Amino acid sequence: MRSKKSNVNLQGLVKDLLGAPSEEAASLLEEHPELRTPSAIQVMHATQDHRLRIDGDGQSHAVERCLTLVCESDDAQAPKLIAAVADSIDEFTGRYPKPEDLRKFLVATQNLAEARVLEGCHHQLRANTHNMIGDGLTTAARYDTDPTPLLLASVDHAEQAVALSPRASPDLPRMLSNLAVCRADLYASTSERAHLDTAIRSAERAVDLTPKDSSDLPGFLRRLALHLAERYTAGGDRVDLETAISYAEQAVDLSPEGSANLPLILGNLALHLDALYALTSERAHLDAAIGFATRAVDLVPDDSPYLPRLLNNLAIYLADRYAVVGVRDDIEAAVSYTQRAADLTPENSADIPGILNNLGLRHIERYMLTGDRDDLYAALEHAERSVEVAPDGSADRPMYLNNLANHHAKRYALTGERSDLEVSIQHAKRTLEITPQESIDFSSHLHNLALRHADLYALTGEQDGLDTATRLARQAVALTPTAVSYTHLRAHETVLDLVCRLLLEKKNQHITHAAYLPTLNSHKRPISICTHTH
């Protein structure tokens, strides 16, 4: 290593820092302590994040070395530098996820911070570092097939961060909000309701301790609303949903125009209003959701990583309104928005299977309106891709297979090609095989498979098809709490009624293949728009 110079040209060194590759930039900081200032190191992170977009090689090592320097610094601004490093890591993970090595990088980085900082530092620096470690482990857990151990560790660090922060500390609300995120993710991994309840209490405390004029308050309100909405999903208590909407509305009201977080806050308010519409069927809630979601899409930058989710969700709300009102502009816009969301979503994103699934559904809905077979073929293409890219253990994989089976059934109804019917039956059977019997979707999947076997009987006249259809239909009826009602078909017509009517039509009309009977499609619902705070 070169000897350190006593008289250095700081301006020249900063210029070198900006232009240096990752390794050289870290070396410059090692050799020149005078560069280890908040501004210089934050500039380095911004520059290296830009370089990451061009060439990710060496980035992990550079960030680790920079973090080491920050942790060894005696600068009074060290806690802010820790937060800056965490922001850089969050940006890295949010825009360029690499599941094959990201988890190892994040865990190594957190361990490094722990080893360098936690001994012999003042409480607030330790608290900030615990907070960063907890946040990083939470992010790493999202790329792990068994996330619970990492999430338990993240909760432990987040709790230590809260415990080390005095009540008067301006950082305490941020620590509490992050603890709530860690707890909510642990709930998602374990389904233990106590974790979610604890998350809500921490998020409520964060809101209570935050000054009303704080720029952080809208974000804390948005997170609290998300946790309450999650508890509504788990327990069905309408009060939780209505309280979530109230907090989300407050977050919108407190966010100044031009705020970078306003599109996310608007998007999540739309999400909660859509849930209220699903509960009440009151059109005003759906219209409000569409209004807020449209505003979110209009405000979010074109290069935002959250734009695809916002577009996907807006398309779902428009498709819901089309199903009720039947205005063609809604379904046309829904197709366009979902296509744009698919185009903007990386192939390795966890969101891409659901967005492709939804794109197929939007094309099917337009096909049912126009009869344009191009939409039918597009629906099949997107549904097949959603199945291909969905992980084998994905909880949503049965939904994707179910919809693919239904799209093949629609093409069979159009062309009468037996191969489409047989493929539809194969996919429907596979859907049942991977759907837990306790799932609320199990009876609807039985329903669809019953209809496909009824189609096969109508085509072939073979008794086995009739027996199988009847058996499956009876099972579906037995598992359905109330009689299935399809307002687009006939009121209060059950699965068994459908099969019987199909058989009567075959007997009385001598049809050569089954007339199309509506199947139950599974929709990928709107996606919550989440971000970390540090």
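Just so it is clear, the structure is predicted and the values come from calculations on it, not from any experiment.

Engineer: Please set out the overall build of the protein residue by residue, giving values where relevant.
Structural biologist: Across its full length, the protein carries 23 helices and zero strands. Scored against the burial criterion, the 534 residues of the protein give a buried share of 52%. In the protein, once contacts between residues fewer than 6 apart in sequence are set aside, the share between residues at least 24 apart is 66%. For the protein, the computed accessible surface area is about 24,100 Å², with 49% contributed by carbon and sulfur atoms.

Engineer: I'd like a rundown of unusual backbone geometry, residues and numbers included.
Structural biologist: Notably, Ser191 is not glycine yet its phi reads approximately 65 degrees, a positive angle. Residue placement: Ser191 occurs in the loop between α9 (172–190) and α10 (193–209). The exposure class assigned to Ser191 is exposed, which follows from its relative accessible area of 58%. At Ser281, a residue that is not glycine, the phi angle is positive and equals roughly 65 degrees.

Engineer: Any chance you could break down α9 for me, citing the residues and the numbers?
Structural biologist: Between its first and last C-alpha, α9 extends 27 Å over 19 residues, near the 27 Å set by a 1.5 Å rise per residue. Of all 19 residues in α9, 16 are buried; the element is thus mostly enclosed.

Engineer: Break down helix α8 (residues 148–164) for me, citing the residues and quoting the values.
Structural biologist: Each turn of an α-helix holds 3.6 residues, which means side chains three or four residues apart point in the same direction. For α8, spanning 17 residues, the distance from its first C-alpha to its last is 24 Å, which sits close to the expected 24 Å at 1.5 Å a residue. Among all positions in α8, only Leu150, Leu151, Ser154, Val155, His157, Ala158, Ala161, Val162 and Leu164 are buried.

Procedures and definitions
- Residues numbered from 1 in each chain as written.
- Predicted model: local features only at pLDDT ≥ 70, side-chain atom pairs only at ≥ 80, totals over all residues.
- Heavy atoms only, no water.
- Helix = DSSP H or I, 4+ residues; strand = E, 2+ residues; numbered from the N terminus.
- Buried < 20%, exposed > 50% of the residue type's maximum accessible area, 1.4 Å probe, protein only.
- Contact = heavy atoms within 4.5 Å.
- Areas by Shrake-Rupley, 256 points an atom, 1.4 Å probe, with all protein chains shown as cover.
- Expected span 1.5 Å × (residues − 1).

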